[in-house]
Amino acid sequence: MPTSVQDYQPAMTSGTTALADLGLITSRLTGRQGSISDPESAMSTITDQCAPIPPTPRGRTPPPPPPPRRRASVSVNAVAHNDSFDETGAEPRLAVLQRIPTYLQPPLPWRERLLHFTFAWYTVTMSTSGIAMVTALTPHRFTGLSTIGLIIFLLDLLAFLFITVMIILRFVLYQHTFRRAFTRPGEALFIPTLWLSLCAMLLNLDEYGRIFLSTSAYMRLAPFMRVAFWTYLAVTFLFSVLQYHLLFTVKEERRLSINAMTPAWILPIFPVMLAGSLAGTLARSQPAVEALEMISAGLAAQGLGILVSMFYYSTYLSRLMAFGLPVQRPGMFIAVGPPSFTCSALVAMAGEVPRILVGLPAIEVITFSGGNPGVNIQTLGAGIRLLAMTTAVFLWGLSFWFFANATAAVVAGMPDRKFHLSWWSFVFPNVGFTLACIRMGRVLESEGILWFSTVMTVLLVAAWGFIGFRCAVAVYKREIVWPGHDEDSL
């Protein structure tokens, strides 16, 4: 006899009959197929029918079967719309539903599954844009590689459009989920992936525009990129303040706890931090004065992001020491992102400084140098690049340590082997680490680091392909976009 619902296997003798009874129970209680009114009662019927029937002594009438347990009837819609406790006890309905294997649950129409299409799906586009980015910048190339990267970027644009339409449909069909998305930390922490996807697409637009467009056409993108940068910086800064405020003031029963701390707590500050990466890339097409303004603002945003991340790192490392490794190990790679992207951004921004100083009026160069009228522009530019490179090497070592730590944790084992959208953390944070390796290898003229970045690019493309396949399989097998199995279930 199985000791729990999770021990039940459909290969048992009465499994087919029990599965039919599950559908019969569902249809009787709800009046239609496709909903589970009382998952625990349904599974008790299954286990009762799977239990062996004791022998009856001769001459005696077998005892009548015990009456079925009566529980409060709760439909899937009610389960999905709230996480209150049922009338008989103290267990959330979603927790009960989650223990029932999804292959035993009747199918749901896509309209109801759309209720569980969360912001975490933007991790797909965020990671796909990252793959297109490293494909465009990887140092060891072959003919057609840029075209492959462009195709990946165009696919990413289609995926972003599809996900955005699905999210909008979810909010239109289930209007109460809009507020819930921002106040339930399980989903709210993934809202920043929307802005990260937009940032990565802007980076790719600039990079592939430089590769495939003529010089004049590429320069015509400059005004649009400048407006996009300032808009992105303002929106993401305000968003980071608002998002953390909501997380700080959420209801006590939904509040995050230190013993469950993961690097995902850094995500709300991540988009504004990437404004530095955006400034370092987009400044190439800007006039000197505008480029200097963008780099100055990007440096402030990058500093804000890395400092807030450092504050959370102390809590994260304390959590690892006190409570051990998390169950979902892929999320540990998020810690690789902040120092990696900061390293890459510092090198990129410092690389534009000599060109900017040459294009500035003499009076502004004197002001920029602290009021020294005899300053040499080349010396000033070289000094800034040296400072940026030194700081970048410092942060590159930290990002490599977090990368090695997360890799060791995954190799040691993954207690939760079910697919989660957090698996995309294998890709995007390590995109930042790969970009940092590429830029560090070029600045230091280290062939070893450049080859390491090429190997990382190949591994990232392989991981992206495997996780994409596994994501599609998870949707088909009801592992995600299903009641009790998504980032909105807590």
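Conventions and cut-offs
- Residues numbered from 1 in each chain as written.
- Predicted model: local features only at pLDDT ≥ 70, side-chain atom pairs only at ≥ 80, totals over all residues.
- Heavy atoms only, no water.
- Helix = DSSP H or I, 4+ residues; strand = E, 2+ residues; numbered from the N terminus.
- Buried < 20%, exposed > 50% of the residue type's maximum accessible area, 1.4 Å probe, protein only.
- Contact = heavy atoms within 4.5 Å.
- Areas by Shrake-Rupley, 256 points an atom, 1.4 Å probe, with all protein chains shown as cover.
- UniProt positions renumbered as here; feature names shortened; annotations may be inferred.
- Phe/Tyr/Trp six-rings, centres within 6.5 Å; stacked < 30°, edge-to-face > 60°.
- Patch = residues over 30% accessible without salt bridge, like charges linked within 9 Å, V, L, I, M, F, W, Y side chains within 5 Å.
- Salt bridge = Lys/Arg side-chain N within 4 Å of Asp/Glu carboxyl O.
- Axes fitted to C-alpha atoms, helices over the stretch in contact; angles between N-to-C directions.
- Parallel < 35°, antiparallel > 145°, perpendicular 65-115°, else oblique.
- Left-handed = near helix turned anticlockwise from the far one by under 90°.
- Nonpolar A, V, L, I, M, F, W, Y, C, P; charged D, E, K, R; others polar.
- Core = buried A, V, L, I, M, F, W, Y, C linked by side-chain atoms within 4.5 Å.

**What about the overall build of the chain?**
- On a plain count of helices and strands, the chain comes out with 20 helices and 0 strands.
- Here the chain holds 490 residues, and the buried ones make up 51% of them.
- By sequence separation, contacts in the chain at least 24 residues apart represent 81% of the contacts at least 6 residues apart.
- Accessible surface, the chain as shown: approximately 23,000 Å² in total, 67% of it carbon and sulfur.

**Things to note about the UniProt feature "transmembrane region" (unreviewed entry) in the chain**
- The residues that UniProt annotates with the feature "transmembrane region" (unreviewed entry) are residues 114–136, 148–173, 225–248, 260–282, 294–313, 393–414, 421–442 and 448–469.
- A helix fraction of 100% and a strand fraction of 0% characterise residues 294–313, whose end C-alpha atoms lie 28 Å from each other.
- With 68% helix and 0% strand, the stretch residues 421–442 has end C-alpha atoms that lie 34 Å from each other.

**A few points about the environment of Gly383**
- Along the chain, Gly383 falls in helix H18 (residues 377–412).
- Spatially, the C-alpha atoms of Gly383 and Ala350 are 9.7 Å apart, while their sequence positions differ by 33 residues.

**Side note on the packing of aromatic side chains**
- Inspection of the entire model under this criterion finds 29 aromatic pairs.
- Residues Phe400 and Phe452 carry aromatic rings whose centres are separated by 6.4 Å and whose planes lie at 65 degrees to one another, so their mutual orientation is edge-to-face. Here Phe400 is found in helix H18, whereas its partner Phe452 is found in helix H20 (residues 447–476), with 52 residues between them in sequence.
- Among the residues examined, Phe452 registers a relative accessible area of 30% and is labelled partly exposed.
- An aromatic cluster is built from Phe333, Trp396, Phe400, Phe403, Phe426, Phe433 and Phe452, whose rings are joined through pairwise contacts.

**Some remarks on a nonpolar patch on the surface**
- Taken together, Leu161, Val165, Ile168, Leu169, Val172 and Leu173 make up a surface patch of nonpolar side chains, about 500 Å² in accessible area.
- Locating Leu169 in the fold gives a position in helix H7 (residues 145–173).
- What makes Leu169 partly exposed here is its relative accessible area of 36%.

**A look at helix H14 (residues 275–282)**
- When you tally the buried positions in H14, you get 8 out of 8 residues, the bulk of the element.
- The complete set of buried residues in H14 reads Ala275, Gly276, Ser277, Leu278, Ala279, Gly280, Thr281 and Leu282.

**Here we look at unusual backbone geometry**
- Here Glu445, not a glycine, exhibits a phi torsion of approximately 55 degrees, which is positive.
- Although it is not a glycine, Arg478 sits at a positive phi angle of roughly 65 degrees.
- Assignment of secondary structure puts Arg478 in the segment after H20.
- Here Arg478 falls in the buried class, since its relative accessible area comes to 18%.

**Brief notes about the environment of Leu357**
- Mapped onto the elements, Leu357 comes out in helix H16 (residues 337–359).
- We classify Leu357 as buried; its relative accessible area is 1%.
- Separated by 21 residues in sequence, Leu357 and Gln378 have C-alpha atoms that sit 8.5 Å apart.

**Examining the pattern of salt bridges**
- The tally for this structure, following the rule as stated, stands at 6 salt bridges.
- A salt bridge links Glu207 to Arg210, with the nearest nitrogen and oxygen atoms 2.2 Å apart. Here Arg210 and Glu207 lie together in helix H10 (residues 192–212), a separation of 3 residues that amounts to about one turn.
- Relative accessible area serves as the criterion here: at 5%, Glu207 is assigned to the buried category.
- When the shortest N-O distance is used, the salt bridge between Glu207 and Arg284 registers 3.1 Å. With Glu207 in helix H10 and Arg284 in the loop between H14 and helix H15 (288–323), this pair connects stretches of sequence that are 77 residues apart.
- Put simply, Asp206, Glu207, Arg210 and Arg284 are held in one network by salt bridges that share partners.

**Some remarks on the packing of helix H12 (residues 222–248) against H15**
- Contact geometry for H12 and H15: axes closest at 11 Å, N-to-C directions at 20 degrees. As the angle between them shows, H12 and H15 are arranged roughly parallel. Between H12 and H15 lies a crossing whose hand is left-handed. Counting all contacts with H12, which are made through Arg226, Phe229, Trp230, Leu233, Phe237, Tyr244 and Phe248, the residues of H15 involved are Glu290, Glu293, Met294, Ala297, Gly298, Ala301, Leu304 and Tyr312.
- Looking at the contact of H12 with H15 residue by residue, the classes come out as 11 nonpolar, 1 polar and 3 charged.

**Points about the nonpolar core**
- By size, the foremost hydrophobic cluster in this structure holds 117 residues, and its most contacted members are Trp121, Phe229, Leu274, Phe419 and Ile480.
- Here the element with the most residues in this core is H15; it accounts for 12 residues.
- Once you skip the residues sitting within four places of it in the chain, Trp121 turns out to touch Ile163, Leu421, Cys471, Val475, Ile480 and Val481.

**Quick word on the packing of helix H6 (residues 122–137) against H7**
- Between H6 and H7, the least distance of the axes is 8 Å, while the angle of their chain directions is 165 degrees. Classed by the angle they form, the pair H6 and H7 counts as roughly antiparallel. In the packing of H6 onto H7, the handedness of the crossing is left-handed. On H7, the residues touching Tyr122, Val124, Thr125, Thr128, Ser129, Ile131, Ala132 and Thr135 of H6 are Leu145, Gly149, Ile152, Phe153, Asp156, Ala159, Phe160, Ile163, Thr164 and Ile167.

**Here we look at the side chain of Thr193**
- Structurally, Thr193 can be placed in helix H10.
- Leave out the neighbours within four places in its chain, and Thr193 touches Phe119, Tyr122, Thr123 and Met126.

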